[in-house]
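Structure assessment
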Amino acid sequence: MKKIGLFLFSVLFLAAQEFVQAQDSQGYKIGDNAKDFSLKTTDGSTVSLTGLDGAKGAIVIFSCNTCPYVVAYEDRMIELHNKYASQGYPVIAINSNDAKASPGDSFEKMQERAKDKGFTFPYAYDESQEVIKTYGGTRTPHVYLLHKEGNDFKVKYIGAIDNNYQDASAVTERYVEEALAAVMNGQPVANQTTKAIGCTIKWTKAE
Amino acid sequence: MKLIISSLVTLLLSFGFISDQSNKELQLISFPEFEEMTNEKSDKIRIFNFWATWCAPCVKEMPYFQKVKDEDPKLDLIFISMDDGRKPERVTTFMERRNVSSPVYLLNDVDYNKWIDKVDPSWSGAIPATLFVKPDGSRFFHEGEVTEEELKEMIKQLK
């Protein structure tokens, strides 16, 4: 009996692993072509990859209003945009959180946040959560650095902004900036993926 | 006078008038210290729950963990806080207000990319997340919020 139990457990365990892997494989990996999107932004316009004027790529950041890690990074997101938009890599922040599950992440609250913080980058609402599902974002903030090759937007880096959310002056590894420097110089990106503690995505519950 | 007070405190403590403060203390730990904890020998299934005071789904599931642990003597529960190590009072206040009886440690290392994979390669870094360590040392990891039923089912599978 014990053996059967053990066998069943192994089967379940393997199935669970398969499930986790399947989930992982749903999102983008390095080198994949990122799909374009068209999302409404807090300033009343829409943002899309192909609509970016003269862009060589984009720094897509899955973000929100309510996560303390995002709040800790907002100033650095503005700095990234101000530094790299003119070089062809604007920041596009996307909030995918369901407003019912997280009322602080509604479109109206996004507009308030963008105004209060003086966001210089587009802050877009992924209400259907299709964009984050396609990209495979799992937490906020979650960065996807894209580089334009021909008409394709290739994924060059996935992960955190840097290695110290608490203190920008104590950062020793600027993952996004280092990846950008490599991409702009036509060099391979050394750290292609990184992980960080972040807030879960507040998924829409099926009615 | 001092002696009288201290002996009074000792007396009160011994009679249990002042609740034991040991589980109300918050210890800040490094990642190697956390790893050591997970590698300690135990005859129980040990549950390491990663949470933070600001994380709504974490706070929601904490009572389920506490209840399931209280009902099963073969379980050990350790809460690992991801809160800001510069503001530990946020965690201690929370622990007092919510009567958290299981031990709480604050993992004070923000260089996350260096250690998340060592906890489990499948972890994206989102919290809540939970690591189960069986008496034989084998591990099971779950990212995301659980209900009481889901938690019980996971533990059943591990037994």
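Overview of the structure. (Residues numbered from 1 in each chain as written. Chains lettered and ligands numbered in written order. Predicted model: local features only at pLDDT ≥ 70, side-chain atom pairs only at ≥ 80, totals over all residues.)

1. Some words on the interface of chain B and chain A
- Residue-level contacts link 19 residues of chain B with 18 residues of chain A.
- Contributing elements (two or more residues each) for the side of chain B that touches chain A: helix H5 (116–119) and strand S5 (126–127) of chain B.
- Its residues assigned to classes, the side of chain B that touches chain A comprises 9 nonpolar, 6 polar and 4 charged.
- Note that strand S9 (residues 198–200) of chain A and S5(B) share 2 bridges and pair parallel. In the strand pairing of S5(B), Cys199(A) is matched with Ile127(B). (Contact = placed C-beta atoms within 7 Å. Helix = DSSP H or I, 4+ residues; strand = E, 2+ residues; numbered from the N terminus. Nonpolar A, V, L, I, M, F, W, Y, C, P; charged D, E, K, R; others polar. Pairing = 2+ DSSP bridges.)

2. Overview of unusual backbone geometry
- The step from Thr140(A) to Pro141(A) runs through a cis peptide bond, and the omega angle for that step is -10°.
- Geometrically, the link from Ile127(B) to Pro128(B) is a cis peptide bond, its omega value of 10° lying close to zero.
- Locating Pro128(B) in the fold gives a position in the loop between S5 and strand S6 (129–133).
- Of note, the phi angle at Gln129(A) is positive, near 65°, even though the residue is not glycine.
- Relative to the assigned elements, Gln129(A) resides in the loop between strand S5 (123–125) and helix H4 (130–135).
- C-beta crowding within 10 Å serves as the criterion here: with 16 such atoms nearby, Gln129(A) is assigned to the partly exposed category.
- Positioned with a positive phi, Asn99(B) is a non-glycine residue whose angle comes to about 55°.
- By the element assignment, Asn99(B) lies in the loop between helix H4 (89–98) and strand S4 (104–107). (Buried ≥ 20, exposed ≤ 12 C-beta atoms within 10 Å, placed from the backbone.)

What is shown is where atoms sit, not what they do.
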